[in-house]
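# Examination of the molecular architecture
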Amino acid sequence: MHWNLHRTATTCALGVGLLASRQNLDAQQPCSPESGVESQAGWNAYRTGAVDSAASRFRHALALCSRNLDATIGLGYVALRHDQLPAADSNFQYAVARDSGNADAWAGLARTAYRLGDGSLAERAARNGVRLDPRNLELRQLLDRLNPDWERVPLSAPKRPRTLQLSARTHGERFEVRASVNWSPFYVRGVNLGVTLPGKFPSEFPQDSSIYAGWLDTIATMHANTVRVYTILPPAFYRALRAWNLSHSDQALWLIHGVWTELPPEHDFDDPAWKRDFREEMDRVVNLIHGNAKIAPRPGHASGRYDADVSRWVLGFIIGREWEPFAVKAFDARHPGTVAFAGRYLNMPHGSAMDRWMAEQCDFMVTREVLKYNSMRPVAYTNWPTLDPLHHPTESDAHQEADWRRRVGRALPGPGAEYENDAVGLDAALVHPTRLNAAGWFASYHAYPYYPDFMLYDGTYAAARSSEGRSNYFGYLSELQRHHAGMPLLISEYGVPSSRGVAHLQPQGWNHGGHDEVEMAGIDARLTREIRESGAAGGVIFALLDEWFKKNWIVLDYEIPQENTRQWHNTMDAEQNYGIFGIYAGVKGKSPVLGGDASRWSGLTQIGSGSGPQPGSPRSIRLGNDESYLYLAVELHGLEKHEFDWDSFAVRVLIDSYRRDLGQFTVPDGLATSDVGFEFLADFHGPKSAELRITPDYNPYAGADAIVNGDDFGHFGHRPITSVARTDGRFDTLFVITNRSRFARNGRFIPASGYDRGRLRYGTADQSSLSDWYYDRTAGLLEVRIPWGLLNVSDPSTGTLLFDREQRGAIGTATSDGMRVAALTYSTGSAPVVIGAAPDLGSGNHWNSNAFISWAWPVWTSPSYHLRLKPVYDSLRALWLRDP
C-alpha cells in the first residue's frame with residue numbers, strides 16, 4: 001500500500017489545539033434544546049447533497065450547544081467532502097475522545113486517516129467502527145485494503161481425510177470430473193491467466209480480490225470452464241475463485257495450477273539447491289490449494305496467507321516451463337543412454353535422463369498431496385513442439401545446416417540463430433500411472449500454428465486438411481494426438497496476437513502477429529475448433545490480458561532498457577498483444593482516433609505551418625503521443641469537405657528523429673533540400689499505396705537485399721544503427737526477415753521470407769485496429785499514427801532511441817533531442833512538382849534550419865492505459881456456447 005504522507009506534526013498539533021479550545025467551550029457554554037433540531041436538519045440536507053446548507057445547520061447547532069457530537073461529526077463529514085482533511089480530522093478526533101462508542105465518528109476518522117496517509121490510525125479506527133457496526137461494508141472494504149488478513153483466524157492444519165479425495169481424473173483420452181456420485185466427461189475450454197498490468201513487473205501482482213473476481217466473471221461469461229495459472233498468485237486470487245465457485249455451482253471454473261522455475265545452473269537439473277527450491281515450490285502449491293499456506297515475502301514471488309481451500313476445483317497440475325532444447329540436450333549428455341523410473345504413482349520403463357527427471361518430479365508432487373491431504377489430481381509437465389518426440393525431416397540441426405551451407409557456398413549463420421528444434425525430445429507417452437494412481441496422467445503442449453518451422457514445411461502437414469480446409473496446424477495436432485493415443489492431450493497454450501508487427505509467417509496466414517482484432521478473433525476460433533477436431537482433450541487460449549512487459553525475438557534487442565518495456569506498448573511486438581482483454585495506451589477517450597473526432601487531431605501541438613496558397617498545400621503540422629504511438633496531423637489548405645486527388649497529387653512527410661546535422665538532406669526526386677537531416681520518410685500516394693521508409697544507415701534490419709545476397713538470417717548479430725549525413729535522396733524500405741532460410745536434412749533449400757513493416761494501412765479505427773492513416777475530407781486532415789517501434793524509439797517513457805556511436809557488441813542508444821517534421825505535397829507523374837510545404841520552402845525549394853521547431857514528447861514514470869474486450873471474446877463465447 002502506497003500512502004500519501006501529508007500528515008505533518010503541525011497538522012497534529014493543530015488538532016490538539018482545536019480539541020483544547022473545544023473542551024474549554026464545553027465547560028463554559030450551556031446546551032440549547034434547539035440544537036438537536038438544527039443538527040437533524042443538517043443531516044437531512046447532507047443526505048440530499050446540499051452540503052453547504054448542511055454545514056450552516058451544523059455550525060448553528062454547535063453555536064447553540066457545543067456538546068452536540070452529532071453536529072460535530074456532521075461538520076467532520078462536510079470537511080471530508082470538501083477535502084479539508086485537517087478540519088475533518090480535528091472534528092472526528094474530538095468526537096471519539098468524547099464518545100468512544102460512536103460508530104459514525106470512528107468511520108469518519110478511519111476515512112480521514114486513510115486519505116492523510118496514516119495507515120495505522122486508519123486501521124485502528126476502522127476496526128473500532130466495524131466492532132460497533134459489523135454491517136458497515138465500506139469500513140470492511142477499507143480494512144481489506146489496509147490489511148487483507150484483518151478478519152482471519154490463525155491457520156490450523158486441515159484434518160487428513162480417511163478416504164482418498166478425488167474431484168478430477170483422466171479416463172482414456174479425456175478428463176472427467178465428479179458430478180455428485182458419478183463421473184462426467186470434461187472437455188477443457190480454458191483461458192491462461194497472466195495478470196501483469198502496464199507499468200508493473202511480472203511479479204507485481206494485483207492484490208485486490210475484486211479485480212480477480214471481475215476477470216473470473218468475464219471468463220465464465222464467455223463460457224470457458226477452466227483457468228490456468230503459471231505460478232503462485234496472491235491470496236486474493238484464490239479467495240476470489242472460491243467465492244465465485246461457491247456462488248456459481250452450475251458454472252464453476254476449474255483451475256489448472258503451474259509450478260514455475262527458471263533454468264538450473266549449467267543446465268544440471270539435479271543441482272541439489274535448485275532442485276530443492278523447485279520441490280519447495282511444488283509443496284507450496286499443494287498447501288495453498290488446500291487453504292493451508294502462509295508464504296513469507298520473497299523477491300519476485302507472491303506471498304501472504306492462503307486460507308481459501310480451492311482443491312475441489314483444481315483439475316490438475318502442470319509443472320515446469322518450456323525448457324530450451326539446448327538445456328535438455330546438455331542434461332541428457334550428462335546421463336547418456338536409456339534409464340527407467342519406478343515411482344509410487346508414476347513409472348517409466350525406459351526413456352532419456354530428462355524423461356526420467358520429469359516423471360520423478362511429477363511423482364513427487366502427487367506423493368506430497370496424498371501424504372498430507374489424501375487427495376490427488378491429474379498431473380503433467382509443460383512441453384512444446386521444439387521438444388516433442390516426433391521426427392521432422394525438414395528440421396536440420398546446427399551442424400547439418402552448416403554442412404549444407406558450406407557445400408553450396410551460402411553464408412553461415414551468425415551468433416544467436418536458433419536451431420536444435422528437432423535434436424532432442426520429451427515423451428510423456430513413455431510414462432504410465434501405477435495402480436495406486438486414481439487421478440491419472442496427461443500430456444500438456446504449448447502449440448501455436450506458426451512455429452517451429454517444421455510445422456510450416458513438412459510435407460505431411462502442408463497436405464493436411466481439417467473439415468474447414470487446408471491446415472498445417474491441424475496436420476501437426478493430428479500427428480501429436482496419434483502419438484499420445486490412450487491418454488489426454490491438452491493444448492495448454494494456443495492463439496495468435498493482434499499486433500501490428502509480425503514475427504513469423506505461416507502458410508495459411510495464421511502468422512505470429514500482423515492480424516487486426518477481427519482477424520485474430522476468426523483465427524483463434526478456427527484454431528479452437530481444430531484442436532477439438534484433432535481429438536485433443538481441450539485447449540487453453542493464450543491469454544486473458546495483453547502484457548506490455550513481454551518480449552519477442554524480432555524486437556527485443558531494440559527495446560532498451562528491456563526492464564522498461566512494461567512502461568510502454570510496442571504494437572510491433574507480437575508477444576504483447578495476445579489478450580482477450582486489449583490493454584490500450586492512454587486515458588480512454590483522450591488519444592486521437594483515426595476517422596474519429598477531428599478536434600483531437602487539430603488539438604495536437606503545432607510544430608510547423610505553411611502559407612502556400614494552392615489547394616492541397618500543407619497548412620499546419622501537429623504532433624502528439626501516448627504510450628503506443630506518435631500522432632501526426634497535416635492540415636491541407638483549401639480541402640475542407642473535399643476529397644484529395646490521389647491520382648494527381650501525393651504527400652510526403654519527413655521526420656528528423658535525432659540531431660539536425662545527421663540524416664538525409666535531400667528529398668527523393670529532387671523535390672527539396674534541407675539544412676535539417678531526416679531519418680524517416682512517409683510517402684502517401686493514396687489509400688492503396690503508402691509506406692514509411694528509413695535512411696539505410698539507420699535501418700536496424702538486414703532488409704530485402706539480404707535474401708538476394710544470401711545473408712538471410714534476419715537481424716541475428718548486431719549491425720550498426722546510426723544516422724549519417726547523406727545527400728543522395730535514398731530512403732530504404734523497412735523490410736524485415738521473419739523466417740530465415742533453411743536447409744532440410746536432405747539438403748532441400750527453403751528460402752527466407754519476410755515483409756515490409758513500413759507499409760501503411762489506410763482506414764479508420766473502426767475499419768481495422770491496425771489502420772495507420774486516414775484522410776478526413778470533412779476537416780481536410782491527413783491523420784497518421786506511427787508505432788514507436790517503427791521510429792527506432794527504444795523506450796519512449798524515457799525519451800530513448802537507437803543510435804550507435806563507437807560501441808561494438810552492444811546496441812547503442814541516445815536521449816532524444818526532439819523531433820522535427822516537414823511535409824510537402826507534389827504533383828505525381830514523370831516530372832513531380834512541389835505544390836506546397838510546411839514549413840515554407842525558401843528559394844530553390846530549400847528548408848532553412850531555423851524554419852523548424854523541435855518537438856520533445858513528454859516522458860512518464862507511470863503509464864496511462866485502459867482495458868477493452870477484443871472481438872475474440874465474442875467469437876469464443878459464441879463457439880463455446882454452441883460446442884460445450
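What you are looking at is a predicted structure, and each value in this text was computed from that prediction instead of being measured. (Residues numbered from 1 in each chain as written. Predicted model: local features only at pLDDT ≥ 70, side-chain atom pairs only at ≥ 80, totals over all residues. Heavy atoms only, no water.)

## Considerations on the overall build of the protein
Threshold: Every helix listed is a DSSP run of H or I at least four residues long, and every strand listed is a run of E at least two residues long, numbered separately from the N terminus. Throughout this description, buried means an accessible area under 20% of the type-specific maximum (1.4 Å probe, protein chains only), exposed means over 50%, and partly exposed covers the range between. When checking whether two residues touch, look at their non-hydrogen atoms; a contact exists if any pair is within 4.5 Å. Only four residue types enter the charge count: Lys and Arg as positive, Asp and Glu as negative, with His and the chain ends excluded. One atom stands in for each charge, and that atom is NZ of Lys, CZ of Arg, CG of Asp or CD of Glu.
Helix and strand content of the protein: 21 helices and 43 strands. The principal-axis extents of the C-alpha atoms in the protein amount to approximately 105 × 85 × 50 Å. The burial tally for the protein puts 58% of its 884 residues in the buried class. When contacts within the protein are restricted to residue pairs at least 6 apart in sequence, long-range pairs at least 24 apart make up 71% of them. Side-chain charges of the protein comprise 89 positive and 100 negative groups, with the mean position of each set lying 6 Å from the other.

## Structural notes on the pattern of salt bridges
Note the cut-off: Any Lys or Arg side-chain nitrogen located within 4 Å of an Asp or Glu carboxyl oxygen qualifies as a salt bridge.
All told, the structure shown has 45 salt bridges when counted by the stated rule. Here Glu-280 and Arg-284 are joined by a salt bridge, their closest N and O atoms 3.8 Å apart. Taken together, the positions of Glu-280 and Arg-284, both in helix H11 (residues 272-289) and 4 residues apart, correspond to about one turn of that helix. Given the relative accessible area of 33%, Glu-280 is considered partly exposed. Between Glu-369 and Arg-377 there is a salt bridge whose closest N-O contact spans 2.6 Å. No difference in accessibility class separates Glu-369 from Arg-377, as the two residues are buried. Connected via shared salt-bridge partners are Asp-270, Lys-275, Arg-279, Arg-356 and Glu-360.

## Concerning the packing of aromatic side chains
Centre distance and the angle of the planes are the two values used to describe a pair of aromatic rings. Keep this limit in mind: Stacked, tilted and edge-to-face pairs are distinguished by plane angle, under 30 degrees for stacked and over 60 for edge-to-face with tilted covering the rest, among Phe, Tyr and Trp rings (Trp via its six-membered ring) whose centres lie within 6.5 Å. We call a charge positioned above a ring when the Lys NZ or Arg CZ atom is no farther than 6 Å from the ring centre and deviates by at most 35 degrees from the ring normal.
The final tally for this structure, using the stated rule, is 45 aromatic pairs. Where Phe-743 meets Phe-749, the ring centres are 5.0 Å apart and the plane angle is 55°; that geometry is what we call tilted. For Phe-749, a relative accessible area of 30% gives the class partly exposed. Stacked on the ring of Tyr-46, the Lys or Arg Arg-81 has its end atom at 4.8 Å from the ring centre. Between the NZ or CZ atom of Arg-566 and the centre of the ring of Phe-201, over which it lies, the distance is 3.9 Å.

## A closer look at the packing of helix H2 (residues 34-47) against helix H4 (residues 69-81)
Using the following cut-off: The angle between two axes is taken between their N-to-C directions and runs from 0 to 180 degrees, where each axis is a line fitted to C-alpha atoms and a helix contributes only its stretch in contact. Orientation categories follow fixed angle ranges, with anything under 35 degrees roughly parallel, anything over 145 roughly antiparallel, 65 to 115 roughly perpendicular, and all other angles oblique. Helix crossings get a hand from a simple test, with the near helix turned counterclockwise from the far one by less than a right angle marking a left-handed crossing and a clockwise turn marking a right-handed one.
Running from amino to carboxyl end, H2 crosses H4 at an angle of 25°, the nearest separation of the two axes being 9 Å. Judged by the angle between their axes, H2 and H4 are roughly parallel. In this structure, H2 meets H4 at a crossing whose hand is left-handed. Where H2 abuts H4, its residues Ser-39, Trp-43 and Tyr-46 lie against Asp-70, Ala-71, Ile-73, Gly-74, Tyr-77, Val-78 and Arg-81.

## Concerning the sheet that holds strand S12 (residues 346-351)
How we decide: By the convention used here, strands pair only if DSSP detects at least 2 bridges between them.
Read across the sheet, 3 strands follow the order S11-S12-S15 without closing on themselves; strand pairing throughout is antiparallel. Each having just a single partner strand, strand S11 (339-342) and strand S15 (432-433) make up the two edges of the open sheet. Sheet analysis places S12 next to S15, joined by 2 bridges and oriented antiparallel. Considered in S15, the bridge of Asn-347 is made with His-432.

## Points about the environment of Leu-346
Looking at the element boundaries, Leu-346 is found in strand S12. As for Leu-346 and Arg-532, which are separated by 186 residues in sequence, their C-alpha atoms are 27 Å apart. Discounting chain neighbours no more than four positions away, the residues touching Leu-346 are Phe-341, Ala-359, Cys-362, Asp-363, Val-379, Val-431, His-432, Pro-433, Thr-434, Asn-437 and Trp-441.

## Quick word on unusual backbone geometry
Between Tyr-451 and the following residue, Pro-452, the backbone shows a cis peptide bond with an omega angle of 0°. Examined against the element boundaries, Pro-452 turns out to sit in the loop between strand S16 (443-446) and helix H15 (454-457). In the segment running from Ala-838 into Pro-839, the intervening peptide bond is cis, with an omega of -5°. By the element assignment, Pro-839 lies in the loop between strand S41 (833-838) and strand S42 (846-847). Non-glycine residue Glu-266 carries a positive phi angle of around 55°. With respect to the helices and strands, the residue Glu-266 is situated in the loop between strand S7 (254-259) and H11.

## Re the confidence of the model for the protein
Test applied: Each residue carries a pLDDT score, the predictor's confidence in it, ranging from 0 to 100.
With 94% of its residues at a pLDDT of 70 or more, the protein shows a mean pLDDT of 91. This stretch, residues 1-28, has a pLDDT under 50; its non-local contacts, to residues over four places away or in other chains, come to 37 contacts.

## Examining the sheet that holds strand S24 (residues 629-636)
Here we have 5 strands laid out as an open sheet, ordered S22-S23-S24-S36-S35, and antiparallel in their pairing. The open sheet has two edge strands, strand S22 (605-609) and strand S35 (773-776), and neither has a second partner. Mean inter-strand twist for the sheet, computed between neighbouring axes without regard to direction, equals 20°. Looking at chain direction, strand S23 (residues 618-625) and S24 are connected through 7 bridges and run antiparallel. Residue pairing in the sheet places Pro-618 in a bridge with Leu-636 of S24.

## Description of the layout of surface pockets
Selection criterion: Using a grid of 1 Å spacing that covers the protein atoms alone, one calls a set of points a cavity when a 1.4 Å probe fits there but cannot get out, and a pocket when the set is open and has protein on both sides within 12 Å along at least five of seven lines; lining residues are those with an atom within 4 Å of a point. Grid points are joined across faces, edges and corners, and a volume is the space filled by probe spheres set on the points. For this scheme, ten residues count as nonpolar: Ala, Val, Leu, Ile, Met, Phe, Trp, Tyr, Cys and Pro. Four count as charged, namely Asp, Glu, Lys and Arg, and the remainder, Gly too, count as polar.
The volume enclosed by the second largest pocket comes to roughly 770 Å³. Along its surface, the second largest pocket is lined by 38 residues, and Tyr-584, Ala-765, Ser-769, Arg-785 and Arg-868 are the ones closest to its centre. Of all the secondary-structure elements, those providing two or more residues to the lining of the second largest pocket are helix H18 (517-533), strand S21 (581-585), helix H19 (598-602), S24 and strand S43 (865-869). Its residues placed into classes, the lining of the second largest pocket shows 14 nonpolar, 12 polar and 12 charged.

## Focus on helix H12 (residues 325-334)
Here is the rule we go by: Picture the helix axis, draw a direction to every C-beta atom, and the arc is the one those directions span.
Buried residues of H12: Pro-325, Ala-327, Val-328, Phe-331 and Asp-332, and no others. Taken end-on, H12 shows its buried residues confined to a sector of 165°, consistent with a single buried face. Against the buried residues of H12 lie helix H13 (353-373).

## Quick look at the packing of H4 against helix H5 (residues 85-98)
Interaxial distance between H4 and H5 falls to 8 Å at its minimum, and their mutual angle equals 155°. Accordingly, the angle class assigned to the pair H4 and H5 is roughly antiparallel. The crossing of H4 and H5 is left-handed. Where H4 abuts H5, its residues Leu-69, Thr-72, Ile-73, Leu-75, Gly-76, Tyr-77, Ala-79 and Leu-80 lie against Leu-85, Ala-87, Ala-88, Asn-91, Phe-92, Tyr-94, Ala-95 and Arg-98.

## With respect to the side chain of Arg-742
The criterion, for reference: Any N or O atom pair separated by 3.5 Å or less is treated as a polar contact, with the protein-specific requirement of one donor-capable and one acceptor-capable atom, and with residues adjacent in sequence counted only for side-chain atom pairs.
Along the chain, Arg-742 falls in strand S32 (residues 742-743). Residue class for Arg-742 comes out buried when judged on its relative accessible area of 2%. Engagement of the side chain of Arg-742 in a polar contact is seen with the side chain of Asp-453, the distance being 2.9 Å. When residues no more than four places from it in sequence are discounted, the contact partners of Arg-742 are Glu-395, Glu-401, Arg-405, Glu-418, Asp-453, Tyr-457, Arg-748, Phe-749 and Ile-750.

## Details of the pairing of strand S27 (residues 673-678)
Of the pairings in the sheet, the one linking strand S26 (residues 663-666) to S27 comprises 2 bridges and is antiparallel in character. Opposite Thr-666, over in S27, you have Thr-673 as the bridge partner. Here S26 folds back onto S27, and the loop between the two strands holds 6 residues, one of which, Asp-669, carries a positive phi near 70°. Bridge analysis of S27 against S42 gives 2 bridges, and the strand direction is parallel. Bridged to Thr-673 within S42 is His-846.

## Concerning empty space enclosed by the protein
Applying the stated criterion to the full structure yields 5 cavities of 30 Å³ or more. Grouping the amino acids of the lining of the largest cavity by side-chain chemistry returns 8 nonpolar, 4 polar and 2 charged. Looking at the second largest cavity, the residues that line it are Tyr-187, Arg-189, Thr-528, Arg-529, Arg-532, Leu-879, Trp-880 and Asp-883. Among the elements that take part in the lining of the second largest cavity, H18 stands out by supplying 3 residues, more than any other. Considered class by class, the residues forming the lining of the second largest cavity number 3 nonpolar, 1 polar and 4 charged.

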